[in-house]
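Summary of structural features
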Amino acid sequence: MTADTFDTRRPQGLTADEFLYFFLRLRKGEIRRTVQRLRDSFPDEGPTELAHRLISSKARLSLIGGSLLQLPVAFPGIGQALTLLGMVGATSMLTRMHLYLVLEIALVFDQDIDDRDRIPEMAAVVAATGLSAAAPLLTSPLGLQPWLAIPAGSLAAATTTRLIGECAIRYYSQSDRPAEMAPTAA
């Protein structure tokens with residue numbers, strides 16, 4: 001087989017696609033539509049500028065999500081079960097938003113979002129989101145007022161969004177080689 005006929009695509013398996021769709025509610029068609037709308041709206045901007053637009057949009061949303069994540073702290077009488085339910089829901093929303101952000105930035109830089117190299121990159125995003133969701137829990141051990149978890153949660157979520165976005169820009173902007181040559185660490 002010659003180099004011209006070699007298929008550089010390394011598609012994700014059906015199980016991975018279905019996991020992303022059913023469990024994480026990841027809609028790749030929506031990711032493609034968002035990036036195309038962005039490209040149509042700002043045709044003179046390059047990938048880095050478009051990626052920064054995506055980051056700014058998601059950072060504003062993550063401020064709200066981070067507040068919602070820690071909102072149960074403001075109501076200590078609602079019970080542990082409702083507190084955990086709220087945390088799980090908000091963390092799930094932030095995780096999904098960060099996954100969309102990374103895949104949108106990958107697509108802005110003309111990376112194949114169906115490539116299996118995206119799987120470990122998305123796993124790193126899930127881990128980072130989980131860590132940022134836990135950061136406001138440090139207010140109690142540090143002896144701070146419990147209500148401070150709300151602004152801490154907002155800032156942690158927004159900062160994580162910006163860090164994830166900036167790391168994605170650096171990673172995908174340097175990824176001008178074929179997908180099978182790109183490193184798999186996010």
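Residues numbered from 1 in each chain as written. Predicted model: local features only at pLDDT ≥ 70, side-chain atom pairs only at ≥ 80, totals over all residues. Heavy atoms only, no water.

Moving on to the packing of helix H2 (residues 28–41) against helix H3 (residues 47–70). At a minimum axis distance of 11 Å, the contact between H2 and H3 shows a crossing angle of 120°. By the criterion of interaxial angle, the relationship of H2 to H3 is oblique. In the crossing of H2 with H3, the sense of the turn from one axis to the other is right-handed. Only Leu50, Arg53 and Leu54 of H3 make contact with H2, whose side of the interface consists of Thr34, Leu38 and Arg39. Across the contact of H2 with H3, the residue classes tally to three nonpolar, one polar and two charged. (Axes fitted to C-alpha atoms, helices over the stretch in contact; angles between N-to-C directions. Helix = DSSP H or I, 4+ residues; strand = E, 2+ residues; numbered from the N terminus. Parallel < 35°, antiparallel > 145°, perpendicular 65-115°, else oblique. Left-handed = near helix turned anticlockwise from the far one by under 90°. Contact = heavy atoms within 4.5 Å. Nonpolar A, V, L, I, M, F, W, Y, C, P; charged D, E, K, R; others polar.)

Our focus in this paragraph is the nonpolar core. In terms of nonpolar packing, the biggest core is built from 26 residues, with Leu26, Ile31, Ile105, Phe109 and Tyr172 touching the most fellow members. Among the elements of the structure, H2, H3, helix H4 (80–108), helix H5 (118–134) and helix H6 (149–173) are those that each provide at least two residues to this core. Sorting elements by how many residues they give to this core places H4 first, with nine residues. With near-sequence residues (within four places) excluded, Tyr172 lies in contact with Val102, Ile105, Ala106, Phe109, Gln111, Arg118 and Glu121. Judged by nonpolar contacts, the second largest core, of six residues, contains Ala90, Leu94, Ala133 and Ala157. (Core = buried A, V, L, I, M, F, W, Y, C linked by side-chain atoms within 4.5 Å. Buried < 20%, exposed > 50% of the residue type's maximum accessible area, 1.4 Å probe, protein only.)

In this section: the pattern of salt bridges. Summed over the entire model, instances satisfying the criterion amount to seven salt bridges. When the shortest N-O distance is used, the salt bridge between Glu45 and Arg53 registers 2.7 Å. Sharing partners across several salt bridges, the network here consists of Lys28, Arg32 and Asp114. (Salt bridge = Lys/Arg side-chain N within 4 Å of Asp/Glu carboxyl O.)

This brings us to the packing of aromatic side chains. Pairs of aromatic rings are described using the distance from one ring centre to the other and the angle between the two planes. Counted under the stated rule, the structure contains one aromatic pair. Centre to centre, the rings of Tyr171 and Tyr172 are 5.0 Å apart; their planes meet at 75°, and the pair counts as edge-to-face. Of the two residues, Tyr171 and Tyr172, both sit in the buried class. Residue placement shows Arg53 over the ring face of Phe42; its charged tip is 3.5 Å from the ring centre. (Phe/Tyr/Trp six-rings, centres within 6.5 Å; stacked < 30°, edge-to-face > 60°. Lys NZ or Arg CZ within 6 Å of the ring centre and 35° of its normal.)

With that settled, the discussion passes to the side chain of Ser154. Along the polypeptide, Ser154 turns up in helix H6. Separated by 2.9 Å, the side chain of Ser154 and the backbone oxygen of Leu63 make a polar contact. When neighbours within four sequence positions are excluded, Ser154 is seen to be in contact with Ser62, Leu63, Gly66 and Ser67. (Polar contact = N/O pair within 3.5 Å; in protein donor to acceptor, adjacent residues only side chain to side chain.)

On to the environment of Arg27, then. Looking at the secondary structure, you find Arg27 in the loop between helix H1 (14–22) and H2. Linking Arg27 and Arg96, residues 69 residues apart in sequence, is a C-alpha distance of 10.0 Å.

Taking 1.5 Å of rise per residue, 14 residues should cover 20 Å, and H2 covers 20 Å from first to last C-alpha, within 8% of that figure. Among the residues of H2, Lys28, Ile31, Thr34, Val35 and Leu38 are the ones counted as buried. Down the axis of H2, the smallest arc covering the buried residues is 120°, so these residues share one side. With respect to the buried face of H2, the exposed residues turned more than 90 degrees away are Arg33, Arg37 and Asp40. (Expected span 1.5 Å × (residues − 1). Arc of directions from axis to C-beta.)

Attention now moves to the packing of H5 against H6. Think of two packed helices as two axes; the pair is described by the angle between the axes and how far apart they sit. In contact at an axis separation of 9 Å, H5 and H6 are set at 160° when each is read in the N-to-C sense. In terms of axis orientation, H5 runs roughly antiparallel to H6. At the point where H5 passes H6, the crossing takes the right-handed sense. Contacts between H5 and H6 involve Arg118, Glu121, Val125, Ala128, Thr129 and Ser132 from the former and Ala156, Thr160, Ile164, Tyr171 and Tyr172 from the latter. Its residues assigned to classes, the contact of H5 with H6 shows six nonpolar, three polar and two charged.

Quick look at the confidence of the model for the protein chain now. Residue-level pLDDT values for the protein chain average 79, and 71% of them are 70 or greater. Taking the mean pLDDT of every element in the protein chain, the minimum, 63, falls on H1 and the maximum, 95, on H2. In this model, residues 177–186 is a region of pLDDT below 50 whose contacts with residues beyond four sequence positions or in other chains number 23 contacts. (pLDDT = per-residue confidence, 0-100.)

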